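Chain and residue survey
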Amino acid sequence: MCFHRIMRTFAIKIKPIKTNQIMTLYPKLITDVLATVIYPGTKKSLVESEMVADDIRIDGMKVRFTLIFPRETDPFLKSTVKSAEAAIHYQLGKEVEVEIATEFKSAPRPEVGKLLPQVKNVIAVSSGKGGVGKSTVSANLAIALSMLGYKVGLLDTDIFGPSMPKMFGVEDERPYSVHKDGRDLIEPIEKYGVKLLSIGFFVNPDTATLWRGAMATSALKQLIADADWGELDFFILDTPPGTSDIHLTLLQTLSITGAIIVSTPQKVALADARKGIDMYRNDKVNVPILGLVENMAWFTPAELPENKYYLFGKDGCKNLAKEMDCPLLAQIPIVQSICESGDAGEPAALHTDKATGQAFINLAQAVVTVTNRRNKDLGPTKIVEVTNS
């Protein structure tokens, strides 16, 4: 059956207003016409299906408006647009010029508690203070886990000081959008077997990010909820130093499997590490501490590989781990190549033939062990509820 025959079976002829034999078009007239056009996807009219955007524009005999479709790959898109144009010509006259734009609905973001259903373990890597090498540990841990055969994602949650694009050597990369399950999602950059996202991909690296807290947390939620992370064994969160809105947003958005605290052995760093531990162990948070990582534990010069010089004190993190009753996962030495490899975009974990690379592999193995033990002994962490008090 041809289109014109279909139209004649249900269309109602609408008479436009004529003044001195000149037709006058107005928005209600257009919507009345579109109310006679059936969208096959719902078997209802375009108006009943809420597909007509509130942007009808009329300029003499020219009509412009937008039709909103469920998705870009809608099989009825072209035929529906043609039907709408034909209905206007049939009921108002062929002299009417019709311009129809198309937009697409995006499926709603999953509610909190249903985000990242394919992610098995969410690990927050934190530090009480800056400058202790937390991001270095996060990057190398993620790569080492990938080298052990696990599916790994890494989110740089430091909105104001992102460092992961440089550490992975992908500063010039720009994530693109993919349409999946009715939603437009950010596709993470993948390198060294790790799926990576950072606000650093979306801002000028030479310009300070001057955002209020609400803007920063909104951007963070987008990187979590509006990205195609897919199936992951470990989702590593490289958090900012200290305790802030960012940490609270993470706790209110994700069920965090456990936290890893990074510190140097010096007393001032250890004092802040205690605060980090307390944040996760708070009664309202209750995120298990998987263990501590002592970074910059000692210095060994290349020409004296057997010597250890404790520049920031000896076993500070080891002693804190005993005091706080949590495992010491690793002691990472100060080695110039760790810094150089990070700056070059080739983290030390890639070089398993060297002691530094093996140290991060050992850390990854320890994280797998404590995570499995935690999952065996404890139930999932509850998301921190938002309250107005």
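Nothing here was measured: the structure is a model prediction, and the numbers come from that model.

1. Considering the side chain of aspartate 74
- For aspartate 74, the position within the fold is in the loop between strand 6 (62-69) and helix 3 (77-92).
- Within the local environment of aspartate 74, its side chain forms a polar contact with the backbone nitrogen of phenylalanine 76, the two atoms lying 2.8 Å apart.
- With residues near it in sequence (within four places) discarded, aspartate 74 still touches Tyr39 and Phe69.

2. Comments concerning helix 2 (residues 27-34)
- Of the residues making up helix 2, those classed as buried are Leu29, Ile30, Val33 and Leu34. Down the axis of helix 2, the smallest arc covering the buried residues is 135 degrees, so these residues share one side.

3. A look at the environment of leucine 196
- Tracing the chain through its elements places leucine 196 in strand 13 (residues 194-198).
- Once the C-alpha coordinates of leucine 196 and alanine 84 are considered, the two residues, 112 residues apart in sequence, prove to be 44 Å apart.
- If near-sequence neighbours (up to four positions away) are discounted, leucine 196 is found in contact with Leu154, Met164, Phe168, Val170, Pro188, Ile189, Phe201 and Trp229.

4. Observations regarding the packing of aromatic side chains
- Applying the stated rule across the entire model yields 6 aromatic pairs.
- A centroid spacing of 5.4 Å and a plane angle of 85 degrees characterise the contact between tyrosine 150 and phenylalanine 234, whose relative ring orientation is edge-to-face. Note that tyrosine 150 is positioned in the loop between helix 4 (134-147) and strand 9 (152-156) and phenylalanine 234 in strand 14 (residues 232-238), a separation of 84 residues in sequence.
- Here tryptophan 298 and tyrosine 310 contribute two aromatic rings whose centre-to-centre distance is 6.3 Å and whose plane-to-plane angle is 70 degrees, an arrangement assigned as edge-to-face. Of this pair, tryptophan 298 sits in strand 16 (residues 289-299) while tyrosine 310 sits in the loop between strand 16 and helix 9 (316-324), placing them 12 residues apart in sequence.
- Using a relative accessible area of 14% as the deciding quantity, one classes tryptophan 298 as buried.
- Given a relative accessible area of 32%, tyrosine 310 falls into the partly exposed group.
- Counting every residue linked through ring pairs, the aromatic cluster contains Tyr39, Phe69 and Phe76.

5. A closer look at the environment of lysine 267
- Inspection of the secondary structure puts lysine 267 in helix 8 (residues 267-281).
- For the pair lysine 267 and glycine 316, spaced 49 residues apart in the sequence, the C-alpha separation amounts to 7.3 Å.

6. Observations regarding unusual backbone geometry
- Non-glycine residue methionine 296 carries a positive phi angle of around 55 degrees.
- For methionine 296, the location among the structural elements is in strand 16.
- Positive phi outside glycine occurs at aspartate 325, with the angle close to 55 degrees.
- With respect to the helices and strands, the residue aspartate 325 is situated in the loop between helix 9 and strand 17 (328-334).

7. Details of the confidence of the model for the protein
- Per-residue confidence for the protein gives a mean pLDDT of 87, with 93% of residues at or over 70.
- Within the protein, the element-level pLDDT minimum falls on helix 1 (residues 3-10), averaging 32, and the maximum on strand 14, averaging 98.
- For residues 1-13, every residue scores under 50 in pLDDT, and the model assigns this stretch 15 contacts once sequence neighbours within four places are set aside.

8. Looking at the pairing of strand 7 (residues 97-104)
- When strand 6 meets strand 7, the two strands line up parallel, connected through 8 bridges. Among the inter-strand pairings, lysine 62 is bridged to a residue of strand 7, identified as glutamate 97.
- Handedness of the crossover is the feature at issue here: the chain leaves strand 6, passes through helix 3, returns alongside strand 7, and the resulting connection is right-handed.

9. A word on the sheet that holds strand 15 (residues 258-263)
- Overall, mixed pairing links the 8 strands, which are arranged 12-13-9-14-8-15-16-17 in an open sheet. Across the chains shown, the open sheet's two edge strands, defined by having one partner strand only, are strand 12 (189-191) and strand 17. The sheet shows a mean angle of 25 degrees between the axes of neighbouring strands, taken without regard to direction.
- Note that strand 8 (residues 119-126) and strand 14 share 6 bridges and pair parallel. Note on strand 14: the bridge partner recorded for valine 125 is aspartate 238.

Criteria and thresholds
Counting restarts for each chain: residues are numbered from 1 in the order of the written sequence. In keeping with the predicted nature of the model, local features appear solely for residues at pLDDT of at least 70, side-chain atom pairs appear and are counted solely at 80 or more, and the whole-chain, interface and lining totals rest on all residues. Hydrogen atoms and water are omitted, and side-chain values are computed over all heavy atoms in the structure. A run of H or I in DSSP becomes a helix once it reaches four residues, and a run of E becomes a strand once it reaches two; helices and strands are each numbered from the N terminus. Polar contacts, as counted here, are pairs of nitrogen or oxygen atoms within 3.5 Å of one another; within protein the pair requires one atom able to donate a hydrogen and one able to accept it, and residues that are adjacent in sequence qualify only if both atoms are side-chain atoms. Working rule for contacts: check all heavy atoms of both residues, and any pair within 4.5 Å makes them a contact. Partly exposed residues are those whose accessible area sits between 20% and 50% of the maximum for their type, while under 20% is buried and over 50% is exposed, using a 1.4 Å probe and protein chains only. Here, the arc refers to the directions that run from the helix axis to the C-beta atoms. We call Phe, Tyr and Trp rings a pair once their centres come within 6.5 Å, taking the six-membered ring for Trp, and we label the pair stacked below 30 degrees between planes, edge-to-face above 60, and tilted otherwise. Residue-level confidence of the predictor is what pLDDT reports, using numbers from 0 through 100. Whether two strands pair depends on DSSP finding at least two bridges between them. For the handedness criterion, the strands are oriented away from the viewer, and a crossover whose path from the first strand over the helix to the second runs clockwise is classed as right-handed. Interaxial angles span 0 to 180 degrees and are taken between N-to-C directions of axes, which are lines fitted to C-alpha atoms, for helices over the stretch in contact.

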